[in-house]
Protein chains: 2
Amino acid sequence: MTYCVGLKLDKGILFMSDTRTNAGVDNISVFRKMVTWEKPGERVITVMTAGNLATTQAVISLLDEHGKAPEDRAVSVLEEPSMFRIARLVGETLRDVIRKQAGNDQSPNTFNATMIVGGQVAGAEPRLFLIYPEGNFIEASQDTPFFQIGETKYGRPILVRAYDRGMSFEEAAKLLLVSFDSTIKANLGVDLPIDYMAYEKDSFKIGEQGRIDTDDPYFGNVSVKWGEALRLAFSSLPDFKFKS
Amino acid sequence: MTYCVGLKLDKGILFMSDTRTNAGVDNISVFRKMVTWEKPGERVITVMTAGNLATTQAVISLLDEHGKAPEDRAVSVLEEPSMFRIARLVGETLRDVIRKQAGNDQSPNTFNATMIVGGQVAGAEPRLFLIYPEGNFIEASQDTPFFQIGETKYGRPILVRAYDRGMSFEEAAKLLLVSFDSTIKANLGVDLPIDYMAYEKDSFKIGEQGRIDTDDPYFGNVSVKWGEALRLAFSSLPDFKFKS
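An account of the accompanying structure is given in this report.

Calculation notes
Residues numbered from 1 in each chain as written. Chains lettered and ligands numbered in written order. Predicted model: local features only at pLDDT ≥ 70, side-chain atom pairs only at ≥ 80, totals over all residues. Heavy atoms only, no water. Least-squares fit on C-alpha atoms with pLDDT ≥ 70 in both. Contact = heavy atoms within 4.5 Å. Core = buried A, V, L, I, M, F, W, Y, C linked by side-chain atoms within 4.5 Å. Buried < 20%, exposed > 50% of the residue type's maximum accessible area, 1.4 Å probe, protein only. Helix = DSSP H or I, 4+ residues; strand = E, 2+ residues; numbered from the N terminus. Pairing = 2+ DSSP bridges. Axes fitted to C-alpha atoms, helices over the stretch in contact; angles between N-to-C directions. Salt bridge = Lys/Arg side-chain N within 4 Å of Asp/Glu carboxyl O. Lys, Arg positive; Asp, Glu negative; His and termini not counted. Buried area = accessible area lost by both parts, 1.4 Å probe. Polar contact = N/O pair within 3.5 Å; in protein donor to acceptor, adjacent residues only side chain to side chain. Arc of directions from axis to C-beta. Expected span 1.5 Å × (residues − 1).

**With respect to the relation of the copies chain A and chain B**
Reasoning step 1: Laying chain A over chain B is done by rotating through 180° and shifting 0.0 Å along the axis; what remains is an RMSD of 0.0 Å. The transformation just described matches what one would write down for a two-fold rotation axis. Within chain A, the C-alpha atom positioned nearest to the axis of rotation is that of Tyr 154 of chain A, 2.5 Å from it.
Reasoning step 2: Most of the interface of chain A is mirrored in chain B: 100% of its interface residues are interface residues there too.

Dropping the structure here:
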(Lines give C-alpha, C1' and ligand atoms only; values in the text may rest on other atoms or scores of the structure.)
Protein backbone atom coordinates (compact mmCIF):
# COMPACT_ATOMS: atom_id res chain seq x y z
CA MET A 1 0.00 0.00 0.00
CA THR A 2 0.93 3.64 -0.30
CA TYR A 3 -0.35 7.05 0.62
CA CYS A 4 0.31 10.15 -1.51
CA VAL A 5 -1.48 13.50 -1.55
CA GLY A 6 -1.22 16.41 -3.97
CA LEU A 7 -2.77 19.57 -2.56
CA LYS A 8 -3.51 22.69 -4.58
CA LEU A 9 -3.11 25.97 -2.72
CA ASP A 10 -3.27 29.61 -3.73
CA LYS A 11 0.49 29.64 -3.16
CA GLY A 12 1.20 26.59 -5.34
CA ILE A 13 1.09 22.82 -4.95
CA LEU A 14 2.25 20.68 -2.02
CA PHE A 15 3.19 17.06 -2.73
CA MET A 16 3.64 14.45 -0.02
CA SER A 17 4.22 10.69 -0.29
CA ASP A 18 5.13 7.84 2.01
CA THR A 19 7.89 5.40 1.08
CA ARG A 20 6.70 1.97 2.15
CA THR A 21 6.21 -0.77 -0.38
CA ASN A 22 5.19 -4.25 0.54
CA ALA A 23 4.54 -7.55 -1.17
CA GLY A 24 2.92 -9.35 1.72
CA VAL A 25 3.63 -8.24 5.27
CA ASP A 26 7.02 -9.98 5.36
CA ASN A 27 8.51 -8.25 2.36
CA ILE A 28 8.65 -4.54 3.00
CA SER A 29 11.00 -1.95 1.59
CA VAL A 30 11.57 1.77 1.35
CA PHE A 31 11.12 3.25 -2.14
CA ARG A 32 10.78 6.83 -3.15
CA LYS A 33 7.35 7.38 -4.78
CA MET A 34 7.88 11.00 -5.79
CA VAL A 35 9.91 12.15 -8.78
CA THR A 36 10.43 15.75 -9.85
CA TRP A 37 11.75 17.09 -13.15
CA GLU A 38 12.84 20.69 -13.38
CA LYS A 39 13.87 23.09 -16.16
CA PRO A 40 14.68 26.13 -14.00
CA GLY A 41 12.78 29.24 -15.02
CA GLU A 42 10.54 27.27 -17.37
CA ARG A 43 8.83 24.29 -15.68
CA VAL A 44 8.63 21.95 -12.72
CA ILE A 45 6.81 18.59 -12.96
CA THR A 46 6.22 16.20 -10.08
CA VAL A 47 4.83 12.68 -10.36
CA MET A 48 3.75 10.51 -7.40
CA THR A 49 2.86 6.85 -7.80
CA ALA A 50 0.77 4.17 -6.10
CA GLY A 51 0.26 0.57 -7.09
CA ASN A 52 2.41 -2.14 -8.61
CA LEU A 53 6.04 -1.10 -8.09
CA ALA A 54 7.31 -2.76 -11.28
CA THR A 55 4.69 -0.80 -13.23
CA THR A 56 5.41 2.56 -11.60
CA GLN A 57 9.19 2.18 -11.91
CA ALA A 58 8.84 1.21 -15.58
CA VAL A 59 6.68 4.29 -16.23
CA ILE A 60 9.15 6.61 -14.52
CA SER A 61 12.07 5.05 -16.40
CA LEU A 62 10.26 5.46 -19.71
CA LEU A 63 9.41 9.09 -18.95
CA ASP A 64 13.08 9.57 -18.09
CA GLU A 65 14.15 7.86 -21.33
CA HIS A 66 16.33 5.37 -19.52
CA GLY A 67 16.11 3.17 -22.58
CA LYS A 68 18.44 5.50 -24.44
CA ALA A 69 22.11 6.28 -23.95
CA PRO A 70 22.52 9.19 -21.52
CA GLU A 71 23.67 11.60 -24.23
CA ASP A 72 20.61 10.88 -26.39
CA ARG A 73 17.99 11.39 -23.73
CA ALA A 74 15.43 14.14 -24.17
CA VAL A 75 13.22 13.71 -21.14
CA SER A 76 9.78 13.82 -22.65
CA VAL A 77 7.97 15.54 -19.77
CA LEU A 78 10.41 18.41 -20.24
CA GLU A 79 9.50 18.69 -23.93
CA GLU A 80 5.70 18.68 -23.93
CA PRO A 81 4.16 22.14 -24.42
CA SER A 82 1.61 22.03 -21.56
CA MET A 83 0.61 20.32 -18.32
CA PHE A 84 -2.35 18.78 -20.13
CA ARG A 85 -0.04 17.16 -22.67
CA ILE A 86 2.23 15.96 -19.86
CA ALA A 87 -0.74 14.35 -18.09
CA ARG A 88 -1.71 12.68 -21.36
CA LEU A 89 1.83 11.42 -21.88
CA VAL A 90 2.01 9.99 -18.36
CA GLY A 91 -1.43 8.40 -18.79
CA GLU A 92 -0.53 6.79 -22.10
CA THR A 93 2.78 5.52 -20.77
CA LEU A 94 1.05 4.06 -17.72
CA ARG A 95 -1.65 2.37 -19.78
CA ASP A 96 0.88 0.88 -22.20
CA VAL A 97 3.08 -0.48 -19.41
CA ILE A 98 0.09 -2.10 -17.67
CA ARG A 99 -1.13 -3.66 -20.93
CA LYS A 100 2.30 -5.00 -21.76
CA GLN A 101 2.92 -6.45 -18.31
CA ALA A 102 -0.54 -7.97 -18.12
CA GLY A 103 -0.32 -9.56 -21.58
CA ASN A 104 -3.07 -12.15 -21.78
CA ASP A 105 -3.20 -12.48 -18.02
CA GLN A 106 -6.75 -12.87 -16.77
CA SER A 107 -6.17 -10.52 -13.83
CA PRO A 108 -4.61 -7.37 -15.28
CA ASN A 109 -5.50 -5.50 -12.08
CA THR A 110 -2.39 -7.03 -10.53
CA PHE A 111 -0.30 -4.63 -12.57
CA ASN A 112 -2.40 -1.54 -11.96
CA ALA A 113 -1.15 1.78 -10.69
CA THR A 114 -2.47 5.31 -10.27
CA MET A 115 -0.49 8.52 -10.36
CA ILE A 116 -0.71 12.15 -9.37
CA VAL A 117 0.93 14.60 -11.77
CA GLY A 118 1.32 18.27 -10.93
CA GLY A 119 3.41 21.28 -11.74
CA GLN A 120 3.58 24.34 -13.92
CA VAL A 121 4.79 25.18 -17.41
CA ALA A 122 5.70 28.82 -18.11
CA GLY A 123 2.79 30.75 -19.57
CA ALA A 124 0.07 28.83 -17.73
CA GLU A 125 -1.25 28.23 -14.22
CA PRO A 126 -0.07 25.36 -11.97
CA ARG A 127 -2.18 22.26 -12.62
CA LEU A 128 -2.75 19.00 -10.78
CA PHE A 129 -3.99 15.73 -12.30
CA LEU A 130 -5.01 12.27 -11.15
CA ILE A 131 -4.10 9.57 -13.69
CA TYR A 132 -6.01 6.29 -13.82
CA PRO A 133 -4.62 2.90 -14.88
CA GLU A 134 -6.70 3.19 -18.07
CA GLY A 135 -4.61 6.21 -19.04
CA ASN A 136 -7.37 8.79 -18.68
CA PHE A 137 -7.24 11.50 -16.03
CA ILE A 138 -9.07 14.22 -14.13
CA GLU A 139 -7.91 17.64 -13.00
CA ALA A 140 -8.15 19.26 -9.56
CA SER A 141 -10.57 22.20 -9.37
CA GLN A 142 -11.91 24.73 -6.88
CA ASP A 143 -14.37 22.10 -5.68
CA THR A 144 -11.91 19.21 -5.51
CA PRO A 145 -8.61 20.87 -4.73
CA PHE A 146 -6.62 17.77 -3.75
CA PHE A 147 -6.02 14.21 -4.89
CA GLN A 148 -5.10 11.21 -2.79
CA ILE A 149 -3.86 7.86 -4.09
CA GLY A 150 -3.26 4.56 -2.30
CA GLU A 151 -4.83 4.12 1.12
CA THR A 152 -6.98 7.24 0.98
CA LYS A 153 -9.79 6.74 3.47
CA TYR A 154 -8.33 7.03 6.97
CA GLY A 155 -6.67 10.35 6.24
CA ARG A 156 -9.53 11.92 4.32
CA PRO A 157 -11.86 13.27 7.05
CA ILE A 158 -9.28 15.74 8.41
CA LEU A 159 -8.44 16.97 4.88
CA VAL A 160 -12.11 17.56 4.12
CA ARG A 161 -12.58 19.38 7.43
CA ALA A 162 -9.45 21.51 7.78
CA TYR A 163 -8.18 22.24 4.24
CA ASP A 164 -8.28 25.85 3.13
CA ARG A 165 -6.72 26.96 -0.14
CA GLY A 166 -5.33 30.12 1.48
CA MET A 167 -3.07 28.06 3.79
CA SER A 168 0.68 28.60 3.85
CA PHE A 169 2.88 25.68 2.78
CA GLU A 170 3.86 25.15 6.44
CA GLU A 171 0.20 24.89 7.52
CA ALA A 172 -0.60 22.61 4.61
CA ALA A 173 2.38 20.39 5.46
CA LYS A 174 1.13 20.16 9.05
CA LEU A 175 -2.33 19.21 7.77
CA LEU A 176 -0.91 16.50 5.52
CA LEU A 177 1.24 15.13 8.34
CA VAL A 178 -1.88 14.76 10.51
CA SER A 179 -3.59 12.98 7.61
CA PHE A 180 -0.53 10.72 7.16
CA ASP A 181 -0.43 10.01 10.90
CA SER A 182 -4.05 8.78 10.89
CA THR A 183 -3.27 6.55 7.91
CA ILE A 184 -0.03 5.16 9.34
CA LYS A 185 -1.81 4.34 12.61
CA ALA A 186 -4.39 2.25 10.72
CA ASN A 187 -2.55 0.61 7.80
CA LEU A 188 0.73 -1.29 8.10
CA GLY A 189 1.33 -0.69 4.38
CA VAL A 190 1.90 3.04 4.88
CA ASP A 191 4.86 4.30 6.89
CA LEU A 192 7.60 6.84 7.40
CA PRO A 193 9.86 8.14 5.95
CA ILE A 194 7.64 10.73 4.22
CA ASP A 195 8.85 12.81 1.26
CA TYR A 196 7.53 16.27 0.48
CA MET A 197 8.02 19.01 -2.08
CA ALA A 198 6.37 22.44 -2.06
CA TYR A 199 6.13 23.98 -5.50
CA GLU A 200 5.65 27.73 -5.27
CA LYS A 201 3.46 29.19 -8.01
CA ASP A 202 5.37 31.04 -10.76
CA SER A 203 8.75 30.15 -9.21
CA PHE A 204 9.56 27.57 -11.93
CA LYS A 205 12.03 25.86 -9.64
CA ILE A 206 11.88 23.03 -7.10
CA GLY A 207 10.76 24.51 -3.80
CA GLU A 208 11.17 23.31 -0.24
CA GLN A 209 11.71 19.60 -0.26
CA GLY A 210 12.84 17.01 2.22
CA ARG A 211 12.26 13.73 3.97
CA ILE A 212 10.63 13.22 7.34
CA ASP A 213 12.39 10.23 8.85
CA THR A 214 11.14 7.56 11.22
CA ASP A 215 12.75 9.29 14.19
CA ASP A 216 11.64 12.82 13.24
CA PRO A 217 10.89 14.63 16.52
CA TYR A 218 8.32 16.96 14.96
CA PHE A 219 6.29 14.11 13.51
CA GLY A 220 6.41 12.18 16.80
CA ASN A 221 5.29 15.30 18.64
CA VAL A 222 2.42 15.99 16.22
CA SER A 223 1.26 12.38 16.49
CA VAL A 224 1.07 12.55 20.30
CA LYS A 225 -0.35 16.08 20.40
CA TRP A 226 -2.95 15.23 17.77
CA GLY A 227 -4.22 12.36 19.92
CA GLU A 228 -4.56 14.76 22.86
CA ALA A 229 -6.10 17.52 20.75
CA LEU A 230 -8.66 15.09 19.29
CA ARG A 231 -9.70 13.89 22.74
CA LEU A 232 -10.01 17.52 23.85
CA ALA A 233 -12.01 18.40 20.73
CA PHE A 234 -14.24 15.41 21.39
CA SER A 235 -14.88 16.36 25.00
CA SER A 236 -15.75 19.92 23.92
CA LEU A 237 -18.76 18.62 21.95
CA PRO A 238 -22.22 18.93 23.50
CA ASP A 239 -23.23 15.84 25.51
CA PHE A 240 -25.52 13.22 24.05
CA LYS A 241 -28.67 12.39 26.01
CA PHE A 242 -30.77 9.29 25.49
CA LYS A 243 -34.31 10.22 24.59
CA SER A 244 -36.15 8.06 27.11
CA MET B 1 -22.75 0.23 1.78
CA THR B 2 -23.35 0.25 5.51
CA TYR B 3 -21.70 1.30 8.71
CA CYS B 4 -22.25 -0.54 12.00
CA VAL B 5 -20.19 -0.50 15.19
CA GLY B 6 -20.38 -2.68 18.29
CA LEU B 7 -18.43 -1.17 21.19
CA LYS B 8 -17.58 -3.04 24.40
CA LEU B 9 -17.54 -0.91 27.53
CA ASP B 10 -17.14 -1.68 31.21
CA LYS B 11 -20.82 -0.77 31.50
CA GLY B 12 -21.98 -3.09 28.71
CA ILE B 13 -22.17 -2.97 24.91
CA LEU B 14 -23.28 -0.12 22.67
CA PHE B 15 -24.60 -0.99 19.21
CA MET B 16 -25.05 1.57 16.44
CA SER B 17 -26.00 1.08 12.77
CA ASP B 18 -26.98 3.24 9.83
CA THR B 19 -30.02 2.39 7.72
CA ARG B 20 -29.06 3.10 4.13
CA THR B 21 -29.01 0.34 1.57
CA ASN B 22 -28.23 0.91 -2.04
CA ALA B 23 -28.03 -1.07 -5.24
CA GLY B 24 -26.36 1.54 -7.39
CA VAL B 25 -26.70 5.21 -6.52
CA ASP B 26 -30.19 5.46 -7.98
CA ASN B 27 -31.76 2.73 -5.89
CA ILE B 28 -31.50 3.66 -2.24
CA SER B 29 -33.71 2.65 0.63
CA VAL B 30 -33.96 2.73 4.40
CA PHE B 31 -33.68 -0.67 6.11
CA ARG B 32 -33.08 -1.46 9.72
CA LYS B 33 -29.78 -3.34 10.10
CA MET B 34 -30.06 -4.03 13.82
CA VAL B 35 -32.21 -6.75 15.37
CA THR B 36 -32.49 -7.49 19.09
CA TRP B 37 -33.97 -10.56 20.78
CA GLU B 38 -34.74 -10.44 24.48
CA LYS B 39 -35.77 -12.93 27.14
CA PRO B 40 -36.12 -10.52 30.06
CA GLY B 41 -34.04 -11.47 33.09
CA GLU B 42 -32.19 -14.14 31.13
CA ARG B 43 -30.63 -12.83 27.90
CA VAL B 44 -30.39 -10.08 25.31
CA ILE B 45 -28.92 -10.71 21.85
CA THR B 46 -28.30 -8.06 19.19
CA VAL B 47 -27.26 -8.73 15.59
CA MET B 48 -26.14 -6.04 13.13
CA THR B 49 -25.63 -6.79 9.45
CA ALA B 50 -23.65 -5.47 6.48
CA GLY B 51 -23.56 -6.78 2.94
CA ASN B 52 -26.08 -8.26 0.53
CA LEU B 53 -29.54 -7.35 1.85
CA ALA B 54 -31.21 -10.52 0.55
CA THR B 55 -28.60 -12.56 2.43
CA THR B 56 -28.88 -10.64 5.69
CA GLN B 57 -32.69 -10.63 5.66
CA ALA B 58 -32.73 -14.37 4.96
CA VAL B 59 -30.37 -14.98 7.89
CA ILE B 60 -32.47 -12.90 10.27
CA SER B 61 -35.66 -14.61 9.11
CA LEU B 62 -34.11 -18.05 9.61
CA LEU B 63 -32.88 -17.10 13.08
CA ASP B 64 -36.40 -15.87 13.80
CA GLU B 65 -37.88 -19.11 12.44
CA HIS B 66 -40.12 -17.27 10.01
CA GLY B 67 -40.35 -20.51 8.05
CA LYS B 68 -42.60 -21.98 10.70
CA ALA B 69 -46.15 -21.14 11.74
CA PRO B 70 -46.08 -18.46 14.47
CA GLU B 71 -47.23 -20.89 17.16
CA ASP B 72 -44.46 -23.37 16.39
CA ARG B 73 -41.58 -20.91 16.45
CA ALA B 74 -38.84 -21.37 19.02
CA VAL B 75 -36.42 -18.59 18.17
CA SER B 76 -33.13 -20.41 18.09
CA VAL B 77 -30.92 -17.59 19.42
CA LEU B 78 -33.12 -17.64 22.53
CA GLU B 79 -32.51 -21.36 23.03
CA GLU B 80 -28.73 -21.69 22.69
CA PRO B 81 -26.93 -22.08 26.02
CA SER B 82 -24.17 -19.49 25.49
CA MET B 83 -23.07 -16.48 23.45
CA PHE B 84 -20.41 -18.64 21.81
CA ARG B 85 -23.08 -21.08 20.61
CA ILE B 86 -25.20 -18.18 19.39
CA ALA B 87 -22.25 -16.79 17.40
CA ARG B 88 -21.72 -20.25 15.92
CA LEU B 89 -25.40 -20.53 15.01
CA VAL B 90 -25.41 -17.12 13.31
CA GLY B 91 -22.18 -17.97 11.48
CA GLU B 92 -23.49 -21.31 10.22
CA THR B 93 -26.79 -19.77 9.14
CA LEU B 94 -24.94 -17.00 7.30
CA ARG B 95 -22.59 -19.41 5.55
CA ASP B 96 -25.44 -21.70 4.49
CA VAL B 97 -27.51 -18.83 3.09
CA ILE B 98 -24.55 -17.49 1.10
CA ARG B 99 -23.75 -20.95 -0.29
CA LYS B 100 -27.35 -21.57 -1.26
CA GLN B 101 -27.79 -18.18 -2.93
CA ALA B 102 -24.48 -18.42 -4.76
CA GLY B 103 -25.17 -21.94 -6.06
CA ASN B 104 -22.66 -22.60 -8.81
CA ASP B 105 -22.22 -18.89 -9.46
CA GLN B 106 -18.61 -18.02 -10.20
CA SER B 107 -18.74 -14.85 -8.08
CA PRO B 108 -20.15 -15.93 -4.72
CA ASN B 109 -18.84 -12.69 -3.18
CA THR B 110 -21.93 -10.98 -4.57
CA PHE B 111 -23.96 -12.64 -1.85
CA ASN B 112 -21.54 -12.00 0.99
CA ALA B 113 -22.36 -10.39 4.31
CA THR B 114 -20.68 -9.84 7.66
CA MET B 115 -22.37 -9.52 11.02
CA ILE B 116 -21.74 -8.28 14.52
CA VAL B 117 -23.34 -10.35 17.29
CA GLY B 118 -23.32 -9.22 20.89
CA GLY B 119 -25.19 -9.63 24.13
CA GLN B 120 -25.26 -11.55 27.37
CA VAL B 121 -26.68 -14.84 28.57
CA ALA B 122 -27.30 -15.21 32.30
CA GLY B 123 -24.36 -16.79 34.10
CA ALA B 124 -21.69 -15.32 31.81
CA GLU B 125 -20.15 -12.00 30.84
CA PRO B 126 -21.39 -9.88 27.90
CA ARG B 127 -19.63 -10.94 24.70
CA LEU B 128 -19.20 -9.39 21.28
CA PHE B 129 -18.40 -11.25 18.03
CA LEU B 130 -17.61 -10.44 14.42
CA ILE B 131 -18.99 -13.07 12.02
CA TYR B 132 -17.39 -13.62 8.62
CA PRO B 133 -19.19 -14.78 5.44
CA GLU B 134 -17.37 -18.12 5.81
CA GLY B 135 -19.25 -18.67 9.06
CA ASN B 136 -16.25 -18.38 11.37
CA PHE B 137 -15.89 -15.56 13.86
CA ILE B 138 -13.65 -13.64 16.25
CA GLU B 139 -14.39 -12.16 19.66
CA ALA B 140 -13.72 -8.66 20.97
CA SER B 141 -11.04 -8.48 23.67
CA GLN B 142 -9.28 -5.95 25.87
CA ASP B 143 -6.97 -5.17 22.96
CA THR B 144 -9.66 -4.97 20.30
CA PRO B 145 -12.73 -3.77 22.16
CA PHE B 146 -14.89 -2.86 19.18
CA PHE B 147 -15.89 -4.18 15.78
CA GLN B 148 -16.90 -2.22 12.70
CA ILE B 149 -18.55 -3.62 9.58
CA GLY B 150 -19.31 -2.03 6.21
CA GLU B 151 -17.49 1.21 5.38
CA THR B 152 -15.09 1.08 8.32
CA LYS B 153 -12.13 3.27 7.39
CA TYR B 154 -13.26 6.90 7.52
CA GLY B 155 -14.67 6.57 11.03
CA ARG B 156 -11.85 4.50 12.50
CA PRO B 157 -9.19 7.11 13.43
CA ILE B 158 -11.41 8.87 15.99
CA LEU B 159 -12.43 5.52 17.55
CA VAL B 160 -8.79 4.49 17.89
CA ARG B 161 -7.90 7.86 19.39
CA ALA B 162 -10.78 8.64 21.75
CA TYR B 163 -12.25 5.29 22.86
CA ASP B 164 -11.92 4.44 26.53
CA ARG B 165 -13.63 1.41 28.02
CA GLY B 166 -14.60 3.35 31.16
CA MET B 167 -16.83 5.69 29.11
CA SER B 168 -20.51 6.15 29.94
CA PHE B 169 -23.04 5.08 27.32
CA GLU B 170 -23.75 8.75 26.57
CA GLU B 171 -20.06 9.49 25.93
CA ALA B 172 -19.72 6.36 23.82
CA ALA B 173 -22.80 7.31 21.80
CA LYS B 174 -21.29 10.75 21.18
CA LEU B 175 -18.05 9.10 20.05
CA LEU B 176 -19.89 6.81 17.66
CA LEU B 177 -21.91 9.71 16.26
CA VAL B 178 -18.68 11.55 15.46
CA SER B 179 -17.38 8.39 13.77
CA PHE B 180 -20.65 8.06 11.82
CA ASP B 181 -20.51 11.73 10.84
CA SER B 182 -17.03 11.31 9.30
CA THR B 183 -18.25 8.26 7.40
CA ILE B 184 -21.48 9.87 6.17
CA LYS B 185 -19.51 12.90 4.96
CA ALA B 186 -17.29 10.65 2.81
CA ASN B 187 -19.52 7.80 1.56
CA LEU B 188 -22.91 8.24 -0.08
CA GLY B 189 -23.76 4.65 0.85
CA VAL B 190 -23.95 5.46 4.57
CA ASP B 191 -26.60 7.80 5.92
CA LEU B 192 -29.06 8.74 8.64
CA PRO B 193 -31.31 7.59 10.24
CA ILE B 194 -29.01 5.86 12.75
CA ASP B 195 -30.27 3.18 15.15
CA TYR B 196 -28.71 2.52 18.53
CA MET B 197 -29.16 0.22 21.50
CA ALA B 198 -27.20 0.35 24.76
CA TYR B 199 -27.12 -2.99 26.54
CA GLU B 200 -26.28 -2.52 30.22
CA LYS B 201 -24.21 -5.36 31.69
CA ASP B 202 -26.16 -7.78 33.91
CA SER B 203 -29.47 -6.00 33.18
CA PHE B 204 -30.73 -8.80 30.91
CA LYS B 205 -33.15 -6.43 29.24
CA ILE B 206 -33.05 -4.13 26.22
CA GLY B 207 -31.52 -0.84 27.33
CA GLU B 208 -31.73 2.66 25.90
CA GLN B 209 -32.62 2.41 22.24
CA GLY B 210 -33.77 4.78 19.58
CA ARG B 211 -33.36 6.23 16.13
CA ILE B 212 -31.49 9.41 15.22
CA ASP B 213 -33.38 10.85 12.28
CA THR B 214 -32.20 12.90 9.34
CA ASP B 215 -33.39 16.12 10.98
CA ASP B 216 -32.05 15.33 14.45
CA PRO B 217 -30.87 18.66 15.92
CA TYR B 218 -28.22 17.05 18.15
CA PHE B 219 -26.59 15.22 15.26
CA GLY B 220 -26.61 18.36 13.10
CA ASN B 221 -25.06 20.30 15.95
CA VAL B 222 -22.35 17.70 16.59
CA SER B 223 -21.51 17.60 12.90
CA VAL B 224 -20.99 21.37 12.75
CA LYS B 225 -19.23 21.61 16.13
CA TRP B 226 -16.96 18.70 15.26
CA GLY B 227 -15.77 20.52 12.16
CA GLU B 228 -14.97 23.59 14.28
CA ALA B 229 -13.37 21.55 17.06
CA LEU B 230 -11.18 19.71 14.54
CA ARG B 231 -9.97 22.95 13.00
CA LEU B 232 -9.24 24.28 16.50
CA ALA B 233 -7.43 21.06 17.44
CA PHE B 234 -5.44 21.31 14.24
CA SER B 235 -4.42 24.92 14.84
CA SER B 236 -3.31 24.01 18.39
CA LEU B 237 -0.61 21.70 17.00
CA PRO B 238 2.98 22.93 16.90
CA ASP B 239 3.89 24.63 13.61
CA PHE B 240 5.79 22.78 10.92
CA LYS B 241 9.01 24.38 9.70
CA PHE B 242 10.76 23.49 6.48
CA LYS B 243 14.29 22.32 7.17
CA SER B 244 16.10 24.48 4.68
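Having put the structure on the table, let's press on.
**Considering the nonpolar core**
Reasoning step 1: Within the largest apolar cluster, 76 residues are counted, with the highest numbers of intra-cluster contacts made by Leu 14, Ile 194 and Trp 226 of chain A together with Leu 14, Ile 194 and Trp 226 of chain B.
Reasoning step 2: With residues near it in sequence (within four places) discarded, Trp 226 of chain A still touches Ile 158, Val 178, Asp 181 and Ser 182 of chain A together with Arg 161, Leu 230, Ala 233, Phe 234 and Leu 237 of chain B.

**Some words on unusual backbone geometry**
If a residue is not glycine, its phi is most likely negative; likewise, a peptide bond is most likely trans.
Residue and element names in this part refer to chain A.
Reasoning step 1: Omega for the bond connecting Leu 192 with Pro 193 falls within 30 degrees of zero, at -5°, which places this linkage in the cis form.
Reasoning step 2: Among the structural elements, Pro 193 can be located in the loop between helix H4 (169–186) and strand E11 (194–200).
Reasoning step 3: Even without a glycine there, the phi angle at Asp 202 is positive, about 65°.
Reasoning step 4: Secondary-structure assignment places Asp 202 in the loop between E11 and strand E12 (209–212).

**Description of the sheet that holds E11 of chain A**
All names here are of chain A.
Reasoning step 1: In space, the five strands of this open sheet follow the order E10-E1-E2-E11-E12, with antiparallel pairing throughout. In the strand order of this sheet, the two ends are held by strand E10 (146–150) and E12, each with one partner. Each strand axis lies, on average, 10° off the axis of its neighbour in the sheet, ignoring direction.
Reasoning step 2: Bridge count for strand E2 (residues 12–18) against E11 is seven bridges, and the pairing is antiparallel. The partner of Asp 18 across the bridge, within E11, is Ile 194.

**Remarks on the pattern of salt bridges**
Residues and elements named next belong to chain A.
Reasoning step 1: Evaluated as defined, the whole model comprises 28 salt bridges over all chains.
Reasoning step 2: A salt bridge links Lys 201 to Glu 125; the nearest nitrogen and oxygen atoms lie 3.2 Å apart. With Lys 201 in the loop between E11 and E12 and Glu 125 in the loop between strand E7 (113–121) and strand E8 (127–131), the pair connects residues that are 76 residues apart, well separated along the chain.
Reasoning step 3: Overall, the relative accessible area of 32% leaves Lys 201 in the partly exposed class.
Reasoning step 4: Residue classification places Glu 125 among the partly exposed positions, given a relative accessible area of 47%.
Reasoning step 5: Taken together, the salt bridges that share partners define one network made up of Arg 32, Asp 195 and Arg 211.

**Focus on the side chain of Lys 8 of chain A**
Residues and elements named next belong to chain A.
Reasoning step 1: Relative to the helices and strands, Lys 8 is located in strand E1 (residues 3–9).
Reasoning step 2: Buried charge without a salt bridge: Lys 8, with Glu 139 as the nearest opposite-charge side chain at an N-O distance of 4.8 Å.
Reasoning step 3: Each residue touching Lys 8, except ones within four places of it in the same chain, is listed here: Ile 13, Pro 126, Arg 127, Leu 128, Ala 140, Pro 145, Tyr 163 and Arg 165.

**Here's the deal with the sheet that holds strand E2 (residues 12–18) of chain B**
Residues and elements named next belong to chain B.
Reasoning step 1: Strands sit in the order E10-E1-E2-E11-E12 across an open sheet of five strands; the sheet is antiparallel. At either end of the open sheet lies a strand with only one pairing partner, and these are strand E10 (146–150) and strand E12 (209–212). Neighbouring strand axes in the sheet, compared pairwise and without regard to direction, differ in orientation by 10° on average.
Reasoning step 2: Across four bridges, strand E11 (residues 194–200) lies against E12 in antiparallel orientation. Among the inter-strand pairings, Tyr 196 is bridged to a residue of E12, identified as Gly 210.

**Considering the interface of chain A and chain B**
Reasoning step 1: In this complex, chain A contributes 48 residues to the contact, which on the side of chain B involves 48 residues.
Reasoning step 2: For the pair chain A and chain B, the summed buried surface comes to about 4,500 Å²; carbon and sulfur atoms form 68% of the total.
Reasoning step 3: For the chain A face of the interface with chain B, the top three residues by lost area are Arg 161, Phe 240 and Phe 242 of chain A, together amounting to 21%.
Reasoning step 4: Where chain A touches chain B, the interface holds six salt bridges.
Reasoning step 5: When the shortest N-O distance is used, the salt bridge between Glu 151 of chain A and Lys 153 of chain B registers 2.9 Å.
Reasoning step 6: Applying the counting rule to chain A against chain B returns 16 residue pairs in polar contact (both at pLDDT 80 or more).
Reasoning step 7: The set of elements that each furnish at least two residues to the side of chain A that touches chain B consists of helix H3 (156–162), H4, E11, E12 and helix H5 (217–235) of chain A.
Reasoning step 8: For the side of chain A that touches chain B, the element with the most residues is H5 of chain A, which contributes 13 residues.

**Considering the environment of Leu 63 of chain B**
Reasoning step 1: Along the chain, Leu 63 of chain B falls in helix H1 (residues 53–63).
Reasoning step 2: Expressed as a C-alpha distance, the spacing of Leu 63 of chain B and Phe 84 of chain B, which sit 21 residues apart in the sequence, is 15 Å.

**As for H1 of chain B**
All names here are of chain B.
Reasoning step 1: All of the buried residues along H1 are Thr 55, Thr 56, Val 59, Ile 60 and Leu 63. End-on, the buried residues of H1 take up no more than an arc of 130°, which puts them together on one face.
Reasoning step 2: The inward-facing, buried residues of H1 abut strand E5 (34–39), strand E6 (43–51), helix H2 (83–102) and strand E7 (113–121).
Reasoning step 3: For H1, the N-terminal cap is Asn 52; the gap from its side-chain oxygen to the backbone nitrogen of Ala 54 is 2.9 Å.
Reasoning step 4: Just beyond H1, the residue with positive phi is Glu 65, at close to 60°.

**Describing the side chain of Lys 33 of chain B**
All names here are of chain B.
Reasoning step 1: Assignment of secondary structure puts Lys 33 in the loop between strand E4 (28–30) and E5.
Reasoning step 2: Relative accessible area serves as the criterion here: at 3%, Lys 33 is assigned to the buried category.
Reasoning step 3: Looking at Lys 33, its side chain comes within polar contact range of the main-chain oxygen of Arg 20, at 2.4 Å.
Reasoning step 4: Leaving out residues up to four positions away in the same chain, Lys 33 has contacts with Met 1, Thr 2, Cys 4, Ser 17, Asp 18, Thr 19, Arg 20, Thr 21, Val 47, Met 48 and Thr 49.

**Concerning helix H4 (residues 169–186) of chain B**
Reasoning step 1: The end-to-end C-alpha distance of H4 of chain B is 26 Å, a good match for the 26 Å that 18 residues give at a rise of 1.5 Å each.
Reasoning step 2: With respect to burial, H4 of chain B is a largely interior element, 14 of its 18 residues being buried.

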